[in-house]
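Summary of structural features
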Amino acid sequence: MKKKVNEMTKEERVGGMITRIQEAAIEFGLNITIYEGKIGFVDQKEGKIVALWNATHKMSELKGANDE
C-alpha cells in the first residue's frame, strides 16, 4: 500500500521528488542544471538553456521550518 506524504520520512519524500523530476524531464525532453543560482531547463536536442526558474524563498528562511 502506498504511503501518504505525511507518513513518509524525509528521505522517502526526497526520493519521491527526485523520481517525479526525472520522469518529468524525460517526458518533456529537458535536462536540469544550475545556472547563476537558478534552476535551468536544457533542451535535450539543442543542448541550450531554454528557461530559468528562480526559487521564491531562501534556504535560511526555511531552516527548521519543516524539521521532523
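Residues numbered from 1 in each chain as written. Predicted model: local features only at pLDDT ≥ 70, side-chain atom pairs only at ≥ 80, totals over all residues. Heavy atoms only, no water.

Regarding the overall build of the chain
The cut-off we apply is this: Put simply, DSSP H or I for four residues or longer makes a helix, DSSP E for two residues or longer makes a strand, and each gets a number counted from the N terminus. The buried label applies to any residue whose accessible area, calculated with a 1.4 Å probe on protein chains only, is under 20% of its type's maximum; exposed applies above 50%, and partly exposed to all values in between. Residues count as neighbours in contact if any of their non-hydrogen atoms are within 4.5 Å of one another.
Looking only at helices and strands, one finds 2 helices and 3 strands in the chain. Going from the N terminus to the C terminus, the chain shows its helices and strands as α-β-β-β-α. The proportion of buried residues among the 68 residues of the chain is 7%. Contacts spanning at least 24 positions in sequence make up 12% of the contacts within the chain whose residues lie at least 6 apart.

Quick look at the layout of surface pockets
Put simply, the rule is: Of the two site types, the cavity is a set of points on a 1 Å grid over the protein atoms alone where a 1.4 Å probe fits but cannot get out, and the pocket is an open set with protein on both sides within 12 Å along at least five of seven lines, each lined by residues with an atom within 4 Å of a point. Grid points are joined across faces, edges and corners, and a volume is the space filled by probe spheres set on the points. For this classification, Asp, Glu, Lys and Arg are treated as charged, while Ala, Val, Leu, Ile, Met, Phe, Trp, Tyr, Cys and Pro are nonpolar and the rest, including Gly, are polar.
Of the pockets and cavities examined, the second largest pocket occupies roughly 220 Å³. Lining the second largest pocket, in full, are Lys2, Lys3, Val5, Met8, Glu12, Arg13, Gly16, Met17, Thr19 and Arg20. Its residues assigned to classes, the lining of the second largest pocket comprises 3 nonpolar, 2 polar and 5 charged.

Points about the pattern of salt bridges
Condition: Salt bridges are identified by distance alone: a Lys or Arg side-chain nitrogen within 4 Å of an Asp or Glu carboxyl oxygen.
The tally for this structure, following the rule as stated, stands at 1 salt bridge. Residues Lys3 and Glu12 are paired through a salt bridge, measuring 3.0 Å at the closest nitrogen-oxygen approach.

Brief notes about the sheet that holds strand E1 (residues 30-35)
Under the convention used in this document: Between any two strands, pairing holds if DSSP finds at least two bridges. Between the N-to-C directions of two axes lies an angle of 0 to 180 degrees, each axis being a line fitted to C-alpha atoms and, for a helix, fitted only over the stretch in contact.
Spatially, 3 strands are ordered E1-E2-E3 in an open sheet, and the strand pairing comes out antiparallel. The open sheet has two edge strands, E1 and strand E3 (49-53), and neither has a second partner. Taking the axes of each pair of neighbouring strands and ignoring which way they run, one obtains an average angle of 30 degrees across the sheet.

Let's talk about the pairing of E1
In terms of strand pairing, E1 meets strand E2 (residues 38-43) through 6 bridges, oriented antiparallel. The partner of Thr33 across the bridge, within E2, is Gly40. The loop that links E1 with its antiparallel partner E2 comprises 2 residues; one of these, Glu36, has a positive phi angle of about 50 degrees.

A closer look at the environment of Val5
If you trace the backbone, Val5 turns up in the segment before helix H1 (10-28). Exposure remark for Val5: the relative accessible area of 58% places this residue in the exposed category. Between the alpha carbons of Val5 and Gly16 there is a distance of 9.6 Å; along the sequence they are 11 residues apart.

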